[in-house]
Amino acid sequence: MHELAITEGLVDAVRERLPGRRVTCVRLEIGALSGVVADSVRFCFDLVTEGTSLEGATLEIAQPPAVCRCRICGRDFEPDGPIAMCPCGSAEVTVLAGQDLKITSVQVA
Amino acid sequence: MCGTCGCSSGALITVLAPDRPVPAWLGGGHPGRAHDHGPHEHGAHDHGPHEHEQGPGGQDAGHAQIPDASGAGRTVQLQQKVLAKNDDLAQANRQWLRDRGILAINLMSSPGSGKTTLLERTTRELAGRMSISVIEGDQETALDAKRIQAAGSPVVQINTGVGCHLDADMVAQGLRGLDPPSGSIVVIENVGNLVCPALFDLGEEAKVVLASVTEGADKPLKYPHMFRQADLVLLNKTDLLPYVDFDVRQYMSDLRRAAPDAMLLQLSVTTGDGMQGWYDWLRRRVPPPHD
């Protein structure tokens, strides 16, 4: 359940950037290959924000797809699961995008 | 987690060096879940290397305030990695280790794969040739630290309590407790878990995933996030291959799909088969001691 530590980290980061400001919405980006479950973050968010300047804030999560590049055929593709296999059959791939776990913006009151 | 710097304040950290007495808490008393930061020394919370006012690309997001379309509030762009604090602390650990010429390995596996047994044998067999110290992560008890101590390596036990992984701040504290010599190896034995530790950079030079034939061959496909991170995968308990249903060829093929860049070494810590390959891998990476 690393999502609890991750949610604590994001709440702390917002409070540190905006000390004392009341936050009404937090927007996150959780990449498809980030290893973090968006629903678990949603579950933890209300618990972690209780009693803080983020209490009651809504949480908007964007989940951008992964992009991988095949080292054999050179093609960029979106893997259809956590194991990135190129349609050409190669497993020799580099992950270009989809591993990010990021706070994109927040809305303050 | 600490509300100011994001470090974890809930871990209990205990140093068990061979030349130090067993601390009192093993018999009861706790030294306290110290908020006593490690190599990065940011006790006063004046953050040096991890001034995280910048976006991941180095450009300052500048707290740009854009009026929200609804007019109900204002949007503040942050563009900040959620784990930026941990990553910054990890980078401080990495720099601290490099400055001192110390090789740090993050050793991860499921519970029961043989991490501690691997380190016991490694410590004994490399005694006098390579200096090894260990940071042990477990939810509870100092059982593993006592085994490593008995094998002859200085060791710090970190008990994460409810935590399922080590983070960079715990490791910073552990490093300060160990004070490893230049030209030595620090193995960070993470909490036995193939999920959470994959996300937390500790400042290591390499990630090693230990697997064993008794766990079944499907782990690289079931836990791809963990295996994708690995620089080296050690497949342990190969002496049991005649007794278990484990297809090594299939395992190698699946591992290649999950982790195309990882190197695989097969070994049996019990019999010693294949251990030389692991020692050679370590030896190639240990930096020369600094003066």
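Right, let's walk through the structure included here. (Residues numbered from 1 in each chain as written. Chains lettered and ligands numbered in written order. Predicted model: local features only at pLDDT ≥ 70, side-chain atom pairs only at ≥ 80, totals over all residues.)

### A word on the packing of helix α1 (residues 84-100) of chain B against helix α4 (residues 168-178) of chain B
Axis angle and axis distance: for two packed helices, these are the angle between their axes and the distance between the axes, and together they describe the pair. Residues and elements named next belong to chain B. What counts is decided by this rule: Axis definition: a line fit to C-alpha positions, over the contact stretch in the case of helices; interaxial angles, taken between N-to-C directions, run 0 to 180 degrees. Runs of H or I in DSSP of at least four residues are treated as helices and runs of E of at least two as strands, each being numbered from the N terminus. For classification purposes, an angle smaller than 35 degrees is called roughly parallel, one larger than 145 roughly antiparallel, one from 65 to 115 roughly perpendicular, and anything else oblique. It is the rotation of the near helix from the far one that decides the hand of a crossing: anticlockwise by less than a right angle makes it left-handed, clockwise makes it right-handed. Distance between backbone-placed C-beta atoms decides contact: two residues are in contact if it is within 7 Å. Polarity classes work like this: nonpolar for Ala, Val, Leu, Ile, Met, Phe, Trp, Tyr, Cys and Pro, charged for Asp, Glu, Lys and Arg, and polar for all others, with Gly in that last group.
Put simply, α1 and α4 touch, their axes get as near as 8 Å, and they point 25° apart. What the angle tells us is that α1 and α4 run roughly parallel. Two packed elements cross with a definite hand, and for α1 against α4 that hand is left-handed. Only Ala-168, Asp-169, Val-171, Ala-172 and Leu-175 of α4 make contact with α1, whose side of the interface consists of Asn-86, Leu-89, Ala-90 and Asn-93. Residues belonging to the contact of α1 with α4 are distributed by class as follows: six nonpolar, two polar and one charged.

### Concerning α1 of chain B
Filter applied, for reference: By this rule the span expected of a helix is its residue count minus one, scaled by 1.5 Å. We call a residue exposed when 12 or fewer other C-beta atoms sit within 10 Å of its C-beta, buried when the count reaches 20 or more, and partly exposed for counts in between; the C-beta positions come from the backbone.
In this model, α1 of chain B (17 residues) spans 24 Å end to end at C-alpha, consistent with the 24 Å of a helix rising 1.5 Å per residue. Turning to α1 of chain B, its buried residues are Ala-84, Lys-85, Asn-86, Asp-88, Leu-89, Ala-90, Ala-92, Asn-93, Trp-96 and Leu-97 of chain B. Elements in contact with the buried residues of α1 of chain B: α1 (2-17) of chain A together with β3 (74-81), β4 (103-109) and α4 of chain B. Of the residues flanking the end of α1 of chain B, it is Gly-101 of chain B, one or two places downstream, whose phi is positive at about 70°.

### Notes on the interface of chain A and chain B
We apply this condition: Any two strands with at least two DSSP bridges between them are considered paired.
Each partner contributes to the interface: chain A provides 29 residues, whereas chain B provides 31 residues. At 10 residues, α1 of chain A tops the list of elements feeding residues into the side of chain A that touches chain B. Class assignment for the residues of the side of chain A that touches chain B results in 16 nonpolar, seven polar and six charged. Note that strand β6 (residues 101-108) of chain A and β3 of chain B share six bridges and pair antiparallel.

### Some words on the pairing of strand β8 (residues 206-212) of chain B
Residues and elements named next belong to chain B. For β8, a buried count of six out of seven residues is recorded, marking the element as mostly surrounded by other parts of the structure. Both β4 and β8 contribute to a ladder of five bridges, which runs parallel. Residue Met-108 lies in a different strand from β8, and its bridge partner there is Val-209. Relative to strand β9 (residues 232-236), β8 runs parallel, the two sharing five bridges. Looking across to β9, one finds that Ala-211 is bridged to Leu-235.

### Section: the sheet that holds strand β3 (residues 67-70) of chain A
All names here are of chain A. Strand order in the open sheet formed by three strands is β4-β3-β5, with antiparallel pairing between adjacent strands. Either end of the sheet is taken by a strand with one partner, and the two such strands are β4 (76-77) and β5 (93-97). Taken together, the two bridges between β3 and β4 define a ladder with antiparallel strand orientation. By the bridge assignment, Arg-69 is partnered in β4 with Asp-76.

### Re the sheet that holds strand β5 (residues 132-138) of chain B
Residues and elements named next belong to chain B. Reading across from one edge, β1-β6-β5-β7-β4-β8-β9-β10 is the order of the eight strands in this open sheet, with mixed pairing throughout. Both outer strands of the open sheet, β1 (12-16) and β10 (263-266), are each paired with one neighbouring strand and no more. Pairwise comparison of adjacent strand axes, ignoring direction, gives a mean angle of 20° for this sheet. Of the strands in this sheet, β4, β5, β7 (185-189), β8 and β9 are in contact with helix α2 (residues 115-125), which crosses β7 at around 165°.

### Concerning the environment of Leu-107 of chain B
Residue and element names in this part refer to chain B. Mapping Leu-107 onto the fold places it in strand β4. Taking the C-alpha atoms as reference points, Leu-107 and Pro-224, 117 residues apart in sequence, are found 16 Å from one another. Setting aside residues no more than four positions away along its own chain, Leu-107 makes contact with Lys-115, Val-187, Ile-188, Glu-189, Asn-190, Val-208 and Leu-210.

### Looking at unusual backbone geometry
All names here are of chain B. At Asp-179, a residue that is not glycine, the phi angle is positive and equals roughly 50°. Along the chain, the position of Asp-179 falls in the loop between α4 and β7. For Lys-237, which is not glycine, the phi torsion reads 65° and is therefore positive. Topologically, Lys-237 is positioned in the loop between β9 and α7 (248-258). Judged by C-beta crowding, with 25 C-beta atoms within 10 Å, Lys-237 ranks as buried.

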